[in-house]
Amino acid sequence: MTDTLHERPVLVVDFGAQYAQLIARRVREAHCYSEIVPHTMSTEEMLARQPAAVVLSGGPSSVYADGAPWLDGGLLEAGVPVLGICYGFQAMAGCLGGDVARTGQREYGHTPATITEPDSTLFAGQPAEQSVWMSHGDAVTTAPSGTRVTATTPGAPVAAFEDDERRLYGVQWHPEVLHTSHGQQVLENFLLRGAGLQPTWTSAHVAEELVASIREKVGDAHVICGLSGGVDSSVAAALVNAAVGDQLTCVFVDHGLLREGEAEQVEQDFVAATGVDLVVVDAQQRFLDALAGVSDPEQKRKIIGREFIRVFEQAARDIAGSADAEGHPVEFLVQGTLYPDVVESGGGTGAANIKSHHNVGGLPDDLQFTLIEPLRTLFKDEVRQVGLELGVPEAIVWRQPFPGPGLAIRIVGAVDADRLATLRRADAVAREELSAAGLDREIWQCPVVLLADVRSVGVQGDARTYGHPVVLRPVSSEDAMTADWTRLPYDVLARISSRITNEVAEVNRVVLDVTSKPPGTIEWE
Ligand code: XMP
């Protein structure tokens, strides 16, 4: 059972490009609820979801290729407004009786488009000359009868068409990418003018809907939620708390691998802001003991994952025991699964295991919890907005990604209390300076890595030093799958470097990591 919403979705049919998630996000930015479905889903199933509109995504295939994804014409006759994009546009044209040809004229990247019908539904209020992002080989050469051509480009005589009567629309280019000058306006025109939707998907509305659906699902059962200090678990907890506050117990396992101030953010600030009932398990020594002498990154991850589950499981059993005594069975465990995880686990081909990421979950079967996943319909930016709506502290809402195994995988070498203290201090200085320079939202994250097994000679106050280097790893990214190293201003780098070498006794050298991902990963371990 999922945590359902009472919304009619805009279905984004995924024809296999990487663009479907982006389209779904843009639709939501236009304040309309969207869901992604695979192109293999039958028309009956799609219609059973009562879509308010349908968007056909781009795809890598040529409509002429063997096994090219197929569009069922029935979807275009169901009376549901449809927008076809790129491949979806061509498939739509083909289905409706237009011609799609291999013109031999590929268009890729920035392309000038001319809007020939400035009063049209998709292009009303926009300039006649636009720069659009293209990626196609085939092109629609004859528009289907009953549609009017509304735009052209040098390589696509029919670059957009529309039929207001049947509410069918299409564009050859990608309105969802930022390189397309009026892309978001085209999407909004389709949704609001073409399909006649109301822009009601706002964070206040989402929070209200989710709270109501959690309340309905939970009834008077008891709920447990693990807090990590990150935005996902915090917002998930805040939602459940808003729904069934006195039936929720949050558990924070302090493994001692968080950064400076983060445990306090959970234990004090989050509790003060939301009023959740929090159990803190101080497991710092236990994690240090388990990690003693271990340098191998995968080994560290496994140990942390294993210890985490054990500690959390014990806490859950204790809570289940005491809640039983009150007569409320503990039935639910909250998990901060996001919509991209749901989409990717449903349709993905499975990525290679580069690093074993651990998350709360994988609890033994005998605990018998039903999962409650309040964020499984949301993208990360929406989670943040809902968090703000619920009064989650900004420091948590805007926290940059931080790995579950924490500072342990930012110490190259074995982990011990002193090394953790050194890294924590250096990291705090880097974060302070990045914040002071107003760069928090510019960068994706900036791991600070302690090379604990490396020493170099330095000189400080006339004395020779023999300390450790730290590495600054500032990266820019959209989704952490790929990343580039961030060109931080030299003066910010200089301040970070001089403060760390002055203030952190064990560190006498600061170096900058200028590797993109790939080939480097973001974290060093
Ligand atoms: P990499 O190092 O694989 O990191 O380029 C990609 C993103 O994932 C985070 N990361 C982790 N998150 N458990 C987590 O929850 C982990 O074991 C883990 N390892 C890396 C990393 O911070 C980056 O945002």
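About the criteria used
Residues numbered from 1 in each chain as written. Predicted model: local features only at pLDDT ≥ 70, side-chain atom pairs only at ≥ 80, totals over all residues. Heavy atoms only, no water. Pairing = 2+ DSSP bridges. Helix = DSSP H or I, 4+ residues; strand = E, 2+ residues; numbered from the N terminus. Axes fitted to C-alpha atoms, helices over the stretch in contact; angles between N-to-C directions. Contact = heavy atoms within 4.5 Å. Buried < 20%, exposed > 50% of the residue type's maximum accessible area, 1.4 Å probe, protein only. Polar contact = N/O pair within 3.5 Å; in protein donor to acceptor, adjacent residues only side chain to side chain.

1. Quick look at the sheet that holds strand β7 (residues 148-153)
- If you walk across this open sheet you meet the nine strands as β2-β1-β3-β4-β9-β8-β7-β5-β6, and the pairing is mixed. Across the chains shown, the open sheet's two edge strands, defined by having one partner strand only, are β2 (34-38) and β6 (129-142). Here the average twist between neighbouring strands, direction ignored, is 25 degrees.
- Of the strand pairs in this sheet, strand β8 (residues 156-163) and strand β9 (residues 168-171) are connected by four bridges, and their pairing is antiparallel. Bridging from a neighbouring strand, Ala 160 pairs with Val 171 of β9.
- Along the sheet, helix α4 (residues 87-95) makes contact with β3 (53-56), β4 (82-85), β5 (99-115), β6, β8 and β9, crossing β4 at roughly 120 degrees.

2. Description of the environment of Val 223
- Here Val 223 is to be found in strand β10 (residues 222-227).
- Separated by 244 residues in the primary sequence, Val 223 and Gly 467 have C-alpha atoms spaced 48 Å apart.

3. Overview of the side chain of Asn 189
- Mapped onto the secondary structure, Asn 189 falls in helix α5 (residues 183-194).
- Its relative accessible area of 11% is what places Asn 189 among the buried residues.
- Within the local environment of Asn 189, its side chain forms a polar contact with the backbone oxygen of Leu 122, the two atoms lying 2.8 Å apart.
- When near neighbours in sequence (up to four residues on either side) are disregarded, Asn 189 contacts Thr 121, Leu 122, Phe 123, Ala 124, Gln 126 and Gly 194.

4. Structural notes on the sheet that holds strand β14 (residues 370-372)
- The sheet built from five strands is open, its strands ordered β12-β11-β10-β13-β14 with parallel pairing. In this open sheet, the two edge strands, each paired with only one partner strand, are β12 (278-282) and β14. Pairs of neighbouring strands in the sheet enclose a mean axial angle of 30 degrees, with direction left out of account.
- Note that strand β13 (residues 330-334) and β14 share three bridges and pair parallel. Looking across to β14, one finds that Val 334 is bridged to Ile 372.
- The strands touched by helix α8 (residues 262-274) within the sheet are β10, β11 (248-254) and β12, with β11 carrying the most contacts at an inclination of about 160 degrees.

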